[in-house]
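What the coordinates show
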Amino acid sequence: MKPVLFHIPFLGFGVHTYGVMLAAAFLLALWVALRGARREGIPKDPVLDLWIASLISGIVGAKVLLYLLDFHYYFENPRALFWGLRSAGVFYGGLIAAILVNVWMVWRRGLPGWKLADISAPAIALAQSVGRIGCFSAGCCYGRVTDLPWAVTFTDPEANNITGVPLGIPLHPSQLYMSVADLALFGVLILISRRKRYDGQVFLWYILLYSVVRAALEFTRGDPRGQIDGISTSQIIAAAAFVSAIILFWRLRARGRTAPAS
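Calculation notes
Residues numbered from 1 in each chain as written. Predicted model: local features only at pLDDT ≥ 70, side-chain atom pairs only at ≥ 80, totals over all residues. Heavy atoms only, no water. Salt bridge = Lys/Arg side-chain N within 4 Å of Asp/Glu carboxyl O. Buried < 20%, exposed > 50% of the residue type's maximum accessible area, 1.4 Å probe, protein only. Helix = DSSP H or I, 4+ residues; strand = E, 2+ residues; numbered from the N terminus. Polar contact = N/O pair within 3.5 Å; in protein donor to acceptor, adjacent residues only side chain to side chain. Contact = heavy atoms within 4.5 Å. Expected span 1.5 Å × (residues − 1). Patch = residues over 30% accessible without salt bridge, like charges linked within 9 Å, V, L, I, M, F, W, Y side chains within 5 Å. Areas by Shrake-Rupley, 256 points an atom, 1.4 Å probe, with all protein chains shown as cover. Lys, Arg positive; Asp, Glu negative; His and termini not counted. Charge placed at Lys NZ, Arg CZ, Asp CG, Glu CD. 1 Å grid on protein atoms, 1.4 Å probe; cavity = no way out; pocket = protein on both sides within 12 Å on 5 of 7 lines; lining within 4 Å. Points joined across faces, edges and corners; volume = space filled by probe spheres on them. Nonpolar A, V, L, I, M, F, W, Y, C, P; charged D, E, K, R; others polar. pLDDT = per-residue confidence, 0-100. Axes fitted to C-alpha atoms, helices over the stretch in contact; angles between N-to-C directions. Parallel < 35°, antiparallel > 145°, perpendicular 65-115°, else oblique. Left-handed = near helix turned anticlockwise from the far one by under 90°.

All right, on to the pattern of salt bridges then. Applying the stated criterion across every chain, the model contains nine salt bridges. Salt-bridge contacts for Asp 199 lead to Lys 196; the nearest nitrogen and oxygen are separated by 2.8 Å. Note that Arg 221 is salt-bridged to Asp 223, the shortest N-O span being 2.8 Å. By relative accessible area, Arg 221 is classed as buried at 8%. Asp 223 sits in the buried class, given a relative accessible area of 10%. By sharing partners, the salt bridges in this structure join Glu 40, Lys 115, Asp 118, Lys 196 and Asp 199 into a single network.

Let us look at the side chain of Ser 179. Here Ser 179 shows up in helix H8 (residues 174-193). For Ser 179, the side chain forms a polar contact with the main-chain oxygen of Ser 129, separated by 2.8 Å. Excluding residues within four positions of it along the chain, Ser 179 makes contact with Ser 129, Arg 132 and Ile 133.

What follows concerns H8. For H8, built from 20 residues, the straight-helix expectation of 28 Å at 1.5 Å per residue is met to within 8% by its first-to-last C-alpha distance of 28 Å. Restricting attention to buried positions, one finds in H8 the residues Ser 174, Gln 175, Met 178, Ser 179, Ala 181, Asp 182, Leu 185, Phe 186, Leu 189 and Ile 192. In the core, the buried residues of H8 are packed alongside helix H1 (17-40), helix H6 (113-138) and helix H9 (201-217).

Taken together, the side chains of Arg 35, Arg 38, Arg 39, Arg 194 and Arg 195 make up a positively charged region of the molecular surface. Examined against the element boundaries, Arg 195 turns out to sit in the loop between H8 and H9.

Space inside the second largest pocket adds up to approximately 270 Å³. Taken together, 13 residues form the lining of the second largest pocket, with Val 32, Gly 36, Arg 39, Ile 190 and Ser 193 sitting closest to its centre. Only H1, H6 and H8 provide two or more residues apiece to the lining of the second largest pocket. A breakdown of the residues in the lining of the second largest pocket according to their chemical character gives five nonpolar, two polar and six charged.

Another aspect to go through is the confidence of the model for the protein. Reading predicted coordinates in detail is not appropriate for stretches of low pLDDT. When the pLDDT values of the protein are averaged, the result is 84; 84% of them are 70 or greater. Throughout residues 257-262 the model reports pLDDT below 50, and contacts reaching past four residues in sequence, or to other chains, amount to nine contacts.

This next bit is on the packing of H9 against helix H10 (residues 233-255). Interhelical geometry of H9 versus H10 gives an angle of 150° and a closest axis separation of 8 Å. Comparing their axes, H10 and H9 come out roughly antiparallel. In this structure, H9 crosses over H10, and the sense of that crossing is left-handed. Residues Gln 201, Leu 204, Trp 205, Ile 207, Leu 208, Ser 211, Val 212, Arg 214 and Ala 215 of H9 pack against Ser 234, Gln 235, Ala 238, Ala 241, Phe 242, Ala 245, Ile 246, Leu 248, Phe 249 and Leu 252 of H10.

Now the structure itself:
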C-alpha cells in the first residue's frame, strides 16, 4: 500500500497514488463512454461535457456527503476539513450529485437522457474498479479487523495520517472486494447493453446490482462513515436506490417505449 507514488524534491510535494488512479479511472471510463456514444450515433461533444461535469460534481458531492455524515467532528475540528479533501469521500454523494447535474444538462440541451445513461453505466463501473485500487493504495475505505488468510496490514504512517487507517492490524481488503465486484459489474453491463430492449435498462441494472453489492460489502468495512442503528448510511442509500430502480424498471416497461430523462 503506497499512498504517495513518488515525491518531487524540487517542488516539495508528493504525487499521491489515489490522484493518479482517479485520473486513470476517469480517462478509461471516458474512452468507454465515447465508444458507446459512437455505437449509438451520439456526437462526442455532449458526452465530453457531461463527463467533465460529472467529474467535478462527483468530487464535490462525495466530499460534501463525507462532511455531512460527520458534521459534528468537522464542526469542532475545522482543520480536519483540509485532511478530508485528501480522502476519497463517499461515492453515493458523488453519484447523486453527478446524476442531478447530468439530468439538468440533459434537460437544458434536449439530449437523449436514458440513452446517455446507458452509455455511461458500464464506464462508471469500470471507473469505480480502477478508483478502488487508488483507495487501497491510500488506505481509505478500509475494512474491519479479520483473521482471514487474505487479510491486509497497512504499515505506512502516511496512510494513517491521510485516512486514519489503523496500522499493524490485519483488515479485510474491502477496497479490493469492491474493485473486483465493480469489474465484474462492468462485464455484466456490457453484456446487458448488447441485448437491451429499451433505453434506460442498462443504467437501471447498474443501480440495482451496485446497490446489492455495496450493501453486502459494507459489512466488511471498518472506517467511520455514519450509521443509524448499526446500518451504514451507504446501506440506507443503497436500499433507496434499489427500490427506485425497481420502480423505474416498472415504469419504463409499462410505457413500452424509450423514455427521455426529465
